[in-house]
Amino acid sequence: MLLEVEDLHVRYGRTHAVAGATLSVAEGEIVAVLGANGAGKSSLLKAILGTVKPAGGRIRFAGAEVTHAPVPQRIRDGLVLVPEGRRILVSMTIEENLLLGAGLRRDRATLPREMDAIYDRFSNLAARRDMPAAVLSGGEQQMLAIGRAMLAKPRLMMLDEPSLGLSPLLVDRVFSLLRELNGGGMAVLLVEQNTRKTLELAARGSVLELGRMVMAGSAASLLADEGLQRAYLGAG
Ligand code: ATP
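Conventions and cut-offs
Residues numbered from 1 in each chain as written. Predicted model: local features only at pLDDT ≥ 70, side-chain atom pairs only at ≥ 80, totals over all residues. Heavy atoms only, no water. Helix = DSSP H or I, 4+ residues; strand = E, 2+ residues; numbered from the N terminus. Rg over C-alpha atoms; globule rule 2.2 N^0.38 Å. Buried < 20%, exposed > 50% of the residue type's maximum accessible area, 1.4 Å probe, protein only. Contact = heavy atoms within 4.5 Å. Lys, Arg positive; Asp, Glu negative; His and termini not counted. Charge placed at Lys NZ, Arg CZ, Asp CG, Glu CD. Phe/Tyr/Trp six-rings, centres within 6.5 Å; stacked < 30°, edge-to-face > 60°. Lys NZ or Arg CZ within 6 Å of the ring centre and 35° of its normal. Polar contact = N/O pair within 3.5 Å; in protein donor to acceptor, adjacent residues only side chain to side chain. Near = heavy atom within 4 Å. Areas by Shrake-Rupley, 256 points an atom, 1.4 Å probe, with all protein chains shown as cover. Pairing = 2+ DSSP bridges. Axes fitted to C-alpha atoms, helices over the stretch in contact; angles between N-to-C directions. Salt bridge = Lys/Arg side-chain N within 4 Å of Asp/Glu carboxyl O. Right-handed = clockwise from strand over helix to strand, strands pointing away.

Bringing the overall build of the chain into the picture now. The secondary structure content of the chain amounts to ten helices and ten strands. In terms of overall size, the chain behaves like a compact globule, its C-alpha atoms giving a radius of gyration of 17 Å where 236 residues would be expected to give roughly 18 Å. With the C-alpha coordinates of the chain rotated into their principal frame, the extents come out at 45 × 40 × 35 Å. Looking at the chain residue by residue over its 236 residues, the buried ones come to 49%. Across the chain, the fraction of contacts at a sequence separation of at least 24, relative to all contacts at a separation of at least 6, is 68%. Seen as two clouds, the 28 positive and the 25 negative side-chain charges of the chain have centres 4 Å apart.

A complete count under the given rule lists zero aromatic pairs for this structure. Between the NZ or CZ atom of Arg 129 and the centre of the ring of Tyr 119, over which it lies, the distance is 3.9 Å. The aromatic ring of Phe 175 is capped on one face by Lys 197, whose charged end is 5.7 Å from the ring centroid.

One can find Lys 41 in helix α1 (residues 41-49). When its relative accessible area of 4% is taken as the criterion, Lys 41 is described as buried. Engagement of the side chain of Lys 41 in a polar contact is seen with the backbone oxygen of Gly 35, the distance being 3.1 Å. Apart from residues no more than four positions distant in its own chain, Lys 41 is found in contact with Val 33, Leu 34, Gly 35, Ala 36, Glu 161, Val 191, Gln 193 and Leu 208.

Here we take up the side chain of Asn 97. Here Asn 97 shows up in helix α3 (residues 94-100). On the basis of relative accessible area, Asn 97 is assigned to the buried category, the value being 0%. What Asn 97 contacts, discounting residues up to four positions off in sequence, is Ile 88, Leu 89, Met 92, Ala 133, Leu 144 and Arg 148.

Our next topic: the site of the ligand. Neighbouring residues of the ligand: 14 residues in total, closest Gly 38, Gly 40, Lys 41, Ser 42 and Ser 43. In this structure, Gly 40 approaches the ligand through a main-chain N or O atom, which is 2.9 Å from an oxygen atom. Side-chain polar atom of Glu 84 to an oxygen atom of the ligand: 3.2 Å apart, as the coordinates give it. Alone, the ligand offers 630 Å² of accessible surface; in the complex the protein occludes 60% of this.

Spatially, β2-β1-β4-β5 is the arrangement adopted by the four strands of the open sheet, whose pairing is antiparallel. Strands at the two margins of the open sheet, each flanked by one partner only, are β2 (15-25) and β5 (64-65). In the packing of α1 onto the sheet, contacts are made with β1 (3-12), β2 and β4 (56-61), and the angle to β1 comes to roughly 115°.

A word on the pattern of salt bridges. Tallied over the entire structure, the rule returns twelve salt bridges. As a salt-bridge pair, Glu 65 and Arg 58 come within 3.5 Å of each other at their nearest N and O atoms. The shortest N-O distance in the salt bridge between Arg 105 and Asp 107 comes to 3.7 Å. Take Arg 105: its relative accessible area is 9%, and that puts it in the buried class. Connected through salt bridges with shared partners, the residues Arg 105, Asp 107, Glu 114 and Lys 153 form a single ionic network.

Spatially, the six strands line up as an open sheet ordered β6-β7-β8-β3-β9-β10, and their pairing is mixed. In this open sheet, the two strands that pair with only one neighbour each are β6 (79-82) and β10 (212-218). Taking each pair of neighbouring strands and ignoring which way they run, the sheet shows an average axis angle of 15°. The pairing of strand β7 (residues 156-160) with strand β8 (residues 187-191) spans five bridges and is classified as parallel. Bridge assignment links Asp 160 to a residue of β8, and that residue is Val 191. Seen against the sheet, helix α7 (residues 168-183) touches β3 (30-34), β7 and β8 and runs at an angle of roughly 155° to β8.

Bringing the pairing of β7 into the picture now. In terms of burial, β7 is largely enclosed, as five of its five residues are buried. Burial along β7 is two-sided: Leu 156, Met 158 and Asp 160 facing one way and Met 157 and Leu 159 facing the other are all buried. Examined bridge by bridge, β6 and β7 share four bridges and lie parallel to one another. If you follow Val 80 over to β7, its bridge partner there is Met 157. Taken together, β7, α7 and β8 form a β-α-β motif whose crossover is right-handed.

Written out as structure tokens, the structure is:
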């Protein structure tokens, strides 16, 4: 397994945001984490990256225990997070934002080629690379956030609700981009409220409720689950 999370706990004072989460992601796999607002999904991803300290449990990444490892080490090892709300620095240029993703890389030889590949893929970014990122629409900012994460050359990209606030067309673009990146061998841990689309993309998934994992299984079995359909898939 590329990522193994075992009995992870996150606490904020008296709030037990993650109360014993266990999950794994294999090399090249797409795994989904589903759950309502406040279920603890963001806290789980932050603890895996290391920006929030776990109150208990264990995280292994790429064969090493990283539970208490510094964030930059995890990023260098190939773990990256596209955070909720994108966290674009709007007063910096699009190019500067992209380059932030490569900030921790040691091998920079192929960076110009990778930048060109990202600009080829996202022509809206290419045309305005020297403008402040504030000129971008929400969808374009999401592409920039994913492009920035790609420049870290991740083995596992975690994304926190990348489709939030996007039009259906752009949601499709984000999902097809993830499929394509996964086709190139990158594993994905995807937190989403867009349940059906996410389970159509992922191989496996877990459902988090009030910090607890209440369900886990193949994406197909989750899609077919009546309880989950009632709670998260609506009538459609
Ligand atoms: P959302 O989709 O709304 O972001 P989530 O599933 O990602 O929800 P979290 O953001 O992880 O859930 O929040 C889980 C619980 O922890 C919530 O009750 C939230 O209010 C609380 N929480 C999150 N961050 C903090 C914080 N920095 N300090 C205190 N409580 C927090």
